[in-house]
Amino acid sequence: MSTSKQVNLLDFDVDGLVAWFAGLGEKPFRARQVMRWMHHEGCDDFDAMTDVAKSLRAKLKELAVIRPPVPVRDSISADGTRKWLLDVGNANAVETVFIPETHRGTLCVSSQAGCALDCAFCSTGKQGFNRNLSAAEIIGQLWLANKLLGAARGGPDERAGDLEAGEKDNGRIISNVVMMGMGEPLANFDNVVTALRLMLDDHAYGLSRRRVTVSTSGIVPAMDRLRDECPVALAVSLHASNDALRDELVPINQKYPLRELMAACQRYLERAPRDFVTFEYVMLDGVNDSEAHARELVALVRDTPCKFNLIPFNPFPNSGYLRSPAERIRRFAGILIDAGIVTTTRRTRGDDVDAACGQLAGQVQDKTRRTVRLKQATEERS
Ligand code: SAH
Ligand code: SF4
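Criteria and thresholds
Residues numbered from 1 in each chain as written. Chains lettered and ligands numbered in written order. Predicted model: local features only at pLDDT ≥ 70, side-chain atom pairs only at ≥ 80, totals over all residues. Heavy atoms only, no water. UniProt positions renumbered as here; feature names shortened; annotations may be inferred. Helix = DSSP H or I, 4+ residues; strand = E, 2+ residues; numbered from the N terminus. Buried < 20%, exposed > 50% of the residue type's maximum accessible area, 1.4 Å probe, protein only. Polar contact = N/O pair within 3.5 Å; in protein donor to acceptor, adjacent residues only side chain to side chain. Near = heavy atom within 4 Å. Nonpolar A, V, L, I, M, F, W, Y, C, P; charged D, E, K, R; others polar. Pairing = 2+ DSSP bridges. Axes fitted to C-alpha atoms, helices over the stretch in contact; angles between N-to-C directions. Salt bridge = Lys/Arg side-chain N within 4 Å of Asp/Glu carboxyl O.

For the chain, an unreviewed UniProt entry supplies the name Dual-specificity RNA methyltransferase RlmN and the organism Thauera linaloolentis. Checking UniProt for the chain, the heading Sequence similarities (unreviewed entry) contains the comment "Belongs to the radical SAM superfamily. RlmN family."

See the structure below:
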């Protein structure tokens, strides 16, 4: 039986578990052994850890649990994208999405129940904010997805063709993780970094730094901390080519405007595992998608090595925005490409199960009273 005093071992990175084991008078190699049982084998039962001494197993059963979030819904899209709704307690639920592709399998992981940053076009933002996810709830998404995909070991052979020089295939179906689910990862810095360390550690998931991506709306001081503490691939949600427009679409811009954001990207690249930043840019019909915007963008990123990923807007009820027409997206991409910037347009995946970018809503008990404020504002207007 579990009690509230028991610690959840999924909350620890390797150093953390070694320190906790030291408190029990146990050697570091024991901690690493348990780490491998948990994360390589997907084991949540101390009794099954057969090469761990019985006395230690008994101690662990008394003091600890291995508890991932509980899946409450499993949706599979016609294109193979899979979305899980995970119960994180107190009537909150977050979403995790698995996107299979020929050469890789990507898991899109959430970092918060809701998001306080309130970007104008984002369904998560519109829900308000409840709380940060714990490290166990973040890494638990990878733990669970591996398990539910039947993938603790044995990824597709074709992936070998996608490996870059020096990369090793760790034989898992999930080869890439993107922190692009619900929430702003850098607003939950410590827990996200603990989870990132587990993703990278050979005793846990052993993913390449280049295959783990943090996406941020641009919290500049936290970008510097990430560079210093756990540099992984970086994606920045740009979405606008000038401050006036970005202030409106991505309100955190009012605090960290474009000049500061670009400088932070350049500092990040000094330590990043990849030599470019990926700029995400949502294509909103008649808002940020003109040829003039594209030219302004080219000038904006002149000194920042980057790639662009254009995301056709994914609609959700009452968003107030429309997706740019395909032809306009093509023209916009053409201007960036002609300026020498590698530009891709994100294929919409899983939209039949509301799993596409920006559609993740989960279930959030708003603690910011945003919903109430919105309701009042609507009533005042009518
Ligand atoms: N909070 C982080 C990561 C989560 S969102 C961030 O903002 O970067 C992942 C990406 O989806 C971001 O680029 C986000 O701006 C984008 N996005 C949000 N809502 C969207 C929508 N409705 N359609 C398309 N992309 C959206
Ligand atoms: Fe939060 Fe990202 Fe959505 Fe903005 S786009 S509200 S930062 S989750």
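Caption draft 1: Quick look at the side chain of Arg346. Here Arg346 shows up in the loop between strand E14 (342-345) and helix H12 (370-381). Assessed through its relative accessible area of 19%, Arg346 is described here as buried. Within the structure, the side chain of Arg346 is placed 3.3 Å from the side chain of Glu280, a separation counted as a polar contact.

Caption draft 2: Region of the structure containing the site of ligand 2. Cys115, Leu117, Asp118, Cys119, Cys122, Gly125, Gly183, Glu184 and Ser217 make up every residue found near ligand 2. The residue inventory of the shell around ligand 2, partitioned by class, reads four nonpolar, three polar and two charged.

Caption draft 3: Up close: the pairing of strand E4 (residues 82-87). With five of six residues buried, E4 is to be regarded as a mostly interior element. With six bridges connecting them, strand E3 (residues 70-76) and E4 associate as antiparallel partners. What sits directly across from Arg73, in E4, is Leu85. Here E3 folds back onto E4 in antiparallel fashion, the turn holding five residues, of which Gly80 has a positive phi close to 95 degrees. As paired strands, E4 and strand E5 (residues 93-100) are joined by six bridges and run antiparallel to one another. If you follow Leu86 over to E5, its bridge partner there is Val94. Hairpin connection between E4 and E5: a loop of five residues separates the two successive antiparallel strands, and Gly89 in this loop has a positive phi of roughly 85 degrees.

Caption draft 4: The arrangement of the sheet that holds strand E6 (residues 105-108) in detail. What the ten strands build is an open sheet, ordered E3-E4-E5-E6-E9-E10-E11-E12-E13-E14; its pairing is mixed. Each edge of the open sheet carries a strand with a single partner, namely E3 and E14. Strand after strand, the sheet turns through a mean of 20 degrees between neighbouring axes, direction not considered. Note: strand E9 (residues 176-179) against strand E10 (residues 212-216), three bridges, orientation parallel. When the sheet's bridge partners are listed, Met179 is paired in E10 with Val214.

Caption draft 5: Just the pattern of salt bridges, in detail. In total, this model carries 21 salt bridges according to the counting rule given. Between Arg197 and Asp13 there is a salt bridge, with the nearest N and O atoms lying 3.8 Å from each other. Linking Arg197 in helix H6 (residues 189-200) with Asp13 in the loop between strand E1 (7-8) and helix H1 (14-23), this pair joins segments that are 184 residues apart in sequence. For the salt bridge of Asp224 with Arg267, the shortest nitrogen-to-oxygen distance reads 3.0 Å. With a gap of 43 residues between them, Asp224 in helix H7 (residues 220-229) and Arg267 in helix H9 (residues 258-269) connect regions that are remote in the sequence. On the basis of relative accessible area, Asp224 is assigned to the buried category, the value being 18%. Three or more residues are tied together by salt bridges with common partners; here these are Glu291, Arg295, Glu327, Arg330 and Arg331.

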